[in-house]
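Each chain, written out:
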Amino acid sequence: MMNTYNMVKQEFIKKWINTLHMLDSSIEHPLNVTERKNAIRLSSDLAMAAARNGSTVWSRALISRSGNKTANKPMARRILKKARNRMKNRCNILRRNGNFTAKTGVRKRTDLLKSLVPGGELIDDKDYLIRETLDYIVYLRAQVDVMRTVAAVDLFTRNLTNDRRNK
């Protein structure tokens with residue numbers, strides 16, 4: 001399992017470097033901090049989808065979103081907002097009805113899961129939705145691990161440069 005996960009991370013790194021190079025060559029003017037953040041996020045999402053070769057619904061959804069203006073908004077903000085709204089709605093339903101059935105609970109959770117996974121709203125089969133979700137989680141985890149490593153290396157490099165200047 002860990003060997004497969006490391007392969008996922010390596011494939012993501014290769015694709016991310018390629019998308020960053022493509023992004024860098026397509027930019028005509030210097031980016032401000034927000035534009036740079038959005039560009040890194042977009043390139044990371046595209047790299048994650050490319051590492052999956054478009055073989056899953058979520059990877060195809062990420063690729064198709066890349067052309068939309070909304071693709072540059074932070075994904076976490078959208079996910080958290082949707083999840084928060086769904087939780088409020090679920091609590092209101094519980095208060096109003098009092099008789100919350102298991103079937104309704106499963107449907108609500110399935111709808112929430114569909115909203116969290118790119119392209120999930122297109123999947124009707126619950127087993128397939130779960131497989132897609134698990135696959136997406138593995139790639140998200142690899143994405144986060146790689147980005148943390150890059151941030152740590154950047155911090156280490158900056159500290160090393162500052163120490164050399166101070167000597």
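All chains use their own residue numbering, which begins from 1 and follows the written sequence. In view of the model being predicted, local features appear only for residues whose pLDDT reaches at least 70, and side-chain atom pairs are presented and counted only at 80 or more, with totals across whole chains, interfaces and linings using the full set of residues. Hydrogens and water molecules were not included; the side-chain quantities draw on all heavy atoms of the structure.

- By the naming in an unreviewed UniProt entry, the chain is IBH1-like N-terminal domain-containing protein, taken from Arabidopsis thaliana x Arabidopsis arenosa.

## What to know about the packing of aromatic side chains
Next up, step 1: Think of it this way: a Phe, Tyr or Trp ring, Trp meaning its six-membered ring, pairs with another when their centres are within 6.5 Å, and the plane angle makes it stacked under 30 degrees, edge-to-face over 60, tilted otherwise. Under the counting rule described, the total for this entry stands at three aromatic pairs.
Next up, step 2: Summarising the aromatic geometry, the rings of F12 and W16 are spaced 5.6 Å apart at their centres and angled 20 degrees between planes, so their arrangement reads as stacked. Residue F12 and its partner W16 are both found in helix α1 (residues 2-26); the two are separated by four residues, about one turn of the helix.
Next up, step 3: Put simply, the rings of W58, Y136 and Y139 touch in pairs and so form one group of aromatic residues.
Next up, step 4: Any Lys NZ or Arg CZ that is within 6 Å of a ring centre and within 35 degrees of that ring's normal is treated as a charge sitting over the ring. Directly above the ring of Y5 sits R141, whose terminal nitrogen or CZ lies 4.5 Å from the centroid. The helix and strand labels rest on DSSP assignments: H or I over at least four residues marks a helix, E over at least two residues marks a strand, and numbering proceeds from the N terminus.

## Points about the side chain of T19
Next up, step 1: On the secondary structure map, T19 appears in helix α1.
Next up, step 2: Once residues lying within four places of it in the same chain are set aside, the contact partners of T19 are S43, L46 and A47. Residue contacts are defined here by distance: any two heavy atoms, one from each residue, within 4.5 Å place the two residues in contact.

## Overview of the pattern of salt bridges
Next up, step 1: The rule for a salt bridge is simple: a side-chain nitrogen of Lys or Arg has to be within 4 Å of a carboxyl oxygen of Asp or Glu. The full count for this structure, using the stated rule, is seven salt bridges.
Next up, step 2: Here K15 ties to E11 by a salt bridge, and the two come within 3.7 Å at their closest N and O atoms. Separated by four residues within a single helix, K15 and E11 lie in helix α1, roughly one turn from each other.
Next up, step 3: Taking relative accessible area as the criterion, K15 reaches 23% and is therefore assigned partly exposed.
Next up, step 4: R41 is paired through a salt bridge with D45; the nearest N and O atoms lie 3.2 Å apart. Taken together, the residues R41 and D45, both in helix α2 (residues 33-51) and four residues apart, mark about one turn of the helix.
Next up, step 5: Judged by its relative accessible area of 24%, R41 falls in the partly exposed class.
Next up, step 6: A 1.4 Å probe rolled over the protein chains alone gives each residue an accessible area, and that area as a share of the maximum for its type sets the label: buried under 20%, exposed over 50%, partly exposed in between. On the accessibility criterion, D45 (6% relative accessible area) is buried.
Next up, step 7: One salt-bridge network, held together by shared partners, links E11, K14 and K15.

## Thoughts on the packing of helix α5 (residues 102-116) against helix α6 (residues 126-166)
Axis angle and axis distance: for two packed helices, these are the angle between their axes and the distance between the axes, and together they describe the pair.
Next up, step 1: Between the N-to-C directions of two axes lies an angle of 0 to 180 degrees, each axis being a line fitted to C-alpha atoms and, for a helix, fitted only over the stretch in contact. Two elements in contact, α5 and α6, have axes separated by 11 Å at closest approach and are oriented at 40 degrees. What the angle tells us is that α5 and α6 run oblique. For α5 against α6, the interelement crossing comes out left-handed. Within the contact between the two elements, α5 uses V106, T110, L113, K114 and L116 and α6 uses K126, L129, T133 and Y136.
Next up, step 2: Side-chain classes follow a simple rule in which Ala, Val, Leu, Ile, Met, Phe, Trp, Tyr, Cys and Pro form the nonpolar group, Asp, Glu, Lys and Arg form the charged group, and the remainder, Gly included, forms the polar group. A per-class count over the contact of α5 with α6 returns five nonpolar, two polar and two charged. Here the angle decides the label: under 35 degrees means roughly parallel, over 145 means roughly antiparallel, 65 to 115 means roughly perpendicular, and every other value means oblique. Rotating anticlockwise by less than a right angle from the far helix to the near helix defines a left-handed crossing, while the corresponding clockwise rotation defines a right-handed one.

## So, the environment of S43
Next up, step 1: Take S43: it is sitting in helix α2.
Next up, step 2: For S43, a relative accessible area of 4% gives the class buried.
Next up, step 3: Expressed as a C-alpha distance, the spacing of S43 and H21, which sit 22 residues apart in the sequence, is 9.5 Å.
Next up, step 4: Residues contacting S43, with those up to four places away along its chain left out, are W16, T19 and L20.
Next up, step 5: Two N or O atoms form a polar contact when they lie within 3.5 Å of each other; inside protein one atom must be a possible hydrogen donor and the other a possible acceptor, and for residues adjacent in sequence the pair counts only when both atoms belong to side chains. Side-chain polar atoms of S43 contact the side chain of W16, separated by 3.1 Å.

## Focus: the packing of helix α3 (residues 57-65) against α6
Next up, step 1: Across the interface, α3 lies against α6 with an axial gap of 9 Å and an inter-helix angle of 65 degrees. Residue-level contacts link V57, W58 and L62 of α3 to Y128, E132, D135, Y136 and Y139 of α6.

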